[in-house]
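Summary of structural features
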2 protein chains.
Amino acid sequence: MSAYDPAGDIRTAHLMADAARAAILPHFRAPLDVENKLDAGFDPVTVADRASEEAMRAVLARHAPDDGILGEEFGETAGTNGRRWVLDPIDGTRAFISGLPTWTVLIALEREGRPAVGVIDQPHIGERFLGWPGGAVLSHGGEDRPLRTRGTRSLDTAILSTTDANLFADAEAEAFEQVRRKARLCRFGYDAYAYAMLAGGGVDLVIESGLQVYDVQAFIPVIEGAGGVVTDWSGGDASGGGQVVAAASRELLDAVLPLLAPAAAR
Amino acid sequence: MSAYDPAGDIRTAHLMADAARAAILPHFRAPLDVENKLDAGFDPVTVADRASEEAMRAVLARHAPDDGILGEEFGETAGTNGRRWVLDPIDGTRAFISGLPTWTVLIALEREGRPAVGVIDQPHIGERFLGWPGGAVLSHGGEDRPLRTRGTRSLDTAILSTTDANLFADAEAEAFEQVRRKARLCRFGYDAYAYAMLAGGGVDLVIESGLQVYDVQAFIPVIEGAGGVVTDWSGGDASGGGQVVAAASRELLDAVLPLLAPAAAR
């Protein structure tokens, strides 16, 4: 049994999320220069993404200077103690530049090779989803409430979500379509916010592909702390990104993995 | 020039939206019985939909007893003065039951055969988008700010949105795909909230099909008041529902209509 007490890291994560909120909100729904990070295609980044990561890094420089950092915008900063904060300063930049309030700030503390504390923060709505080993909570409007998945066990009663079905390649698209046809309902377009909804008992299943390490690390503790499960499409560790499936229960995951197996990367 | 002064109807619309908020919010993200309105497929309705419409009808019974009402849940109530309130008590019930905060309450006042005042209200976020002949405003967090579309004129710089690309039939799917390929970006999954984002300058183009009269009437005054345009896929009146296209500018609409024409219903 680990002697890890997450209280100090949770405090640090709250300070980081507070700093990111203050850095981002002045830019939301304001006129923005949008840069494209890709030569082919459109991968937008804005001054808000950079301001958010800088604000979080400043908190770490003060409160956890020995910890390493991996951030989407400014890359890797080595630490000296084997711990690492993994940051996506704005997940869902496409939603952000569209004015949609479903982008989030993602913060994870990785220790012993696994994300231990995770935050999914939505500054405009003022919702903060926090998970740690053994629990998860939603803070909103000055109130905290425990997060629990709905515990849905069968696919035919499950609400499925993915960000954009067009993102799946050939075999992946077929596998996803198998799941979608059997699910009760499918919602598109919510990036990491969909995983927060899974922890909160709204959505039952999220399936995505092509995720980066900073896309996935934050929601794993939130979902696990709420009683859900997260794996890759083969049922293995998902904390490195790639193909991810998150489910409200182990039974639901076990019902879905055989449908995803033909397209699983390993 | 019309002598219509919308001030009284705007006051009534605010009272209705306030009443709907109070009726719905206790049910949001709470355990809910979800009924299916369809024999084949899944068209959910909840106690929250009905409570919302009842609350708005109670306001009208007190403040505008001579006006007619058309509501999604309780149908048509004849009026005596040619005016009619058109109500969707929860637009986006699928989002609602998934915990996603992008469902809205839709309120429109129809006079002389056209929607004159419209409200798109999102109770959980506390956002109210209001439009009338000549203006539109977003109220949020105790502040009001005028709504203006971004005025985008060309499709290659436009952000497109639709609720679910799977809802389009054969020729419609082809026409939509033509537009999607030429647009800068496409976001899925936001029901009427996407039209509110268009009025607010985030999204530039919303294309949908199969809409009901109570789906469309509220957002027309909001978008027109913000400088945008709403038509059917032939460029005609969209206030009866069906195929709808909303654009940030007349130029953008004119660029898109030829792509939609092969699938236009008339």
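What you see is a predicted model; the values in this text were computed from it and never measured.

Further remarks concern the pairing of strand S12 (residues 185–188) of chain A. Residues and elements named next belong to chain A. The alternating pattern of S12 places Leu185 and Arg187 and Cys186 and Phe188 on opposite faces, both of which are buried. Alignment of strand S11 (residues 159–162) against S12, held across 4 bridges, turns out to be parallel. The partner of Leu160 across the bridge, within S12, is Cys186. For the segment spanning S11, helix H4 (residues 170–182) and S12, crossover handedness is right-handed.

A few words now on the pattern of salt bridges. Residues and elements named next belong to chain A. Enumeration according to the criterion identifies 32 salt bridges over all chains in this entry. Across the pair Glu110 and Arg84 runs a salt bridge, and its minimum N-O distance is 2.9 Å. On the criterion of sequence distance, the pair formed by Glu110 in strand S6 (residues 104–111) and Arg84 in strand S5 (residues 84–91) is long-range, its members being 26 residues apart. Residue classification places Glu110 among the buried residues on the basis of a relative accessible area of 14%. Look at Arg84 and you get buried, because its relative accessible area is 18%. Here the salt bridges do not stand alone but share partners, grouping Asp18, Arg21, Asp121 and Arg128 into one network.

The next point concerns the relation of the copies chain B and chain A. Both copies of the chain are tied together by a single rotation about an axis and a shift running along it. Expressed as a screw transformation, the operator carrying chain B onto chain A has a rotation angle of 180 degrees and an axial translation of 0.0 Å, and the superposed copies differ by an RMSD of 0.0 Å. Classification of the inter-copy transformation places it as that of a two-fold axis. Taken as a fraction of all interface residues of chain B, those also at the interface in chain A reach 100%, which identifies the copy contact as same-surface.

What follows deals with the packing of helix H1 (residues 7–24) of chain B against helix H2 (residues 47–63) of chain B. The geometry of a pair of packed helices is captured by two quantities: the angle between their axes and the separation between those axes. Residues and elements named next belong to chain B. Between H1 and H2, the least distance of the axes is 8 Å, while the angle of their chain directions is 150 degrees. Crossing angle aside, the handedness with which H1 passes H2 is right-handed. Note on element contacts: H2 touches H1 through Ala48, Ala51, Ser52, Ala55, Met56, Val59, Leu60 and His63, opposite Thr12, Leu15, Met16, Ala19, Ala20, Ala23 and Ile24. Partitioning the contact of H1 with H2 into residue classes produces 12 nonpolar, 3 polar and no charged.

Residue and element names in this part refer to chain B. The terminal C-alpha atoms of H1, which comprises 18 residues, lie 26 Å apart, in line with the 26 Å expected from a rise of 1.5 Å per residue. Among all positions in H1, only Asp9, Ile10, Thr12, Ala13, Met16, Ala17, Ala19, Ala20, Ala23 and Ile24 are buried. Residues of H1 that are buried sit in contact with H2, strand S5 (84–91), helix H3 (93–97), strand S6 (104–111), strand S7 (114–122) and strand S8 (127–132).

This part takes up H2 of chain B. With 17 residues, H2 of chain B extends 25 Å from end C-alpha to end C-alpha; this agrees with the ideal 24 Å at 1.5 Å per step. The opening residue of H2 of chain B is Thr46 of chain B, an N-cap whose side-chain oxygen sits 3.0 Å from the backbone nitrogen of Ala48 of chain B.

Attention now goes to the domain arrangement of chain A. Residue and element names in this part refer to chain A. Domain parsing of chain A yields domain 1 (7–146) and domain 2 (155–263). Spacing between the C-alpha centres of domain 1 and domain 2 amounts to 21 Å. Of the roughly 2000 Å² buried where domain 1 meets domain 2, counting both sides, 64% is carbon and sulfur surface. On the domain 1 side of the contact with domain 2, Thr102, Arg114 and Ile120 bury the most area, a combined 26% of that side's loss. Our count for the contact surface shared by domain 1 and domain 2 stands at 2 salt bridges. Seen at the junction of domain 1 and domain 2, the total is 5 residue pairs in polar contact (both at pLDDT 80 or more). Where the side of domain 1 that touches domain 2 is concerned, the elements lending two or more residues are S5, S6, strand S7 (114–122), strand S8 (127–132) and strand S9 (135–140). In terms of residues, the side of domain 1 that touches domain 2 owes the most to one element, S7, which gives 8 residues.

Procedures and definitions
- The numbers attached to residues start from 1 for each chain and follow its sequence in the written order.
- The naming scheme follows written order: chains are lettered A onward, ligands numbered 1 onward.
- Owing to the predicted nature of the model, reporting of local features is limited to residues with pLDDT of at least 70; listing and counting of side-chain atom pairs is limited to 80 or more, with chain, interface and lining totals taken over all residues.
- Computation of side-chain values: all heavy atoms of the structure, hydrogens and water removed.
- Relative accessible area decides the class of each residue, using a 1.4 Å probe on protein chains only: under 20% of the type maximum gives buried, over 50% gives exposed, and in between gives partly exposed.
- Numbering of helices and strands runs from the N terminus, with a helix taken as a DSSP run of H or I at least four residues long and a strand as a DSSP run of E at least two residues long.
- For two strands to pair, DSSP has to find at least two bridges joining them.
- The handedness of a crossover follows from its direction of travel: if, with the strands pointing away from the viewer, the path from the first strand over the helix to the second runs clockwise, the crossover is right-handed.
- One side-chain nitrogen of Lys or Arg within 4 Å of one carboxyl oxygen of Asp or Glu is enough to make a salt bridge.
- Alignment of the copies relies on least squares applied to C-alpha atoms, considering only residues that score at least 70 for pLDDT in both.
- In what follows, residue pairs with any heavy atoms lying within 4.5 Å of each other are defined as contacts.
- An axis is simply a line fitted to the C-alpha atoms; with a helix, the fit covers only the stretch in contact. Between two such axes, the angle follows the N-to-C directions and lies from 0 to 180 degrees.
- Left-handed is the label given to a crossing in which the near helix is rotated counterclockwise from the far helix by less than a right angle, and right-handed is the label when the rotation is clockwise.
- Three classes are used: nonpolar for Ala, Val, Leu, Ile, Met, Phe, Trp, Tyr, Cys and Pro, charged for Asp, Glu, Lys and Arg, and polar for all others, with Gly counted as polar.
- Helix span, as expected, comes to 1.5 Å for every residue beyond the first.
- Here a polar contact is taken to be a pair of N or O atoms separated by no more than 3.5 Å, where protein atoms must pair a possible hydrogen donor with a possible acceptor and residues adjacent in sequence count only if both atoms sit in side chains.
- Domain boundaries shown here were taken from an automatic or database domain assignment.
- In this description, buried area is defined as the sum, over both parts, of the accessible area (probe of 1.4 Å) that is lost when the two are combined.

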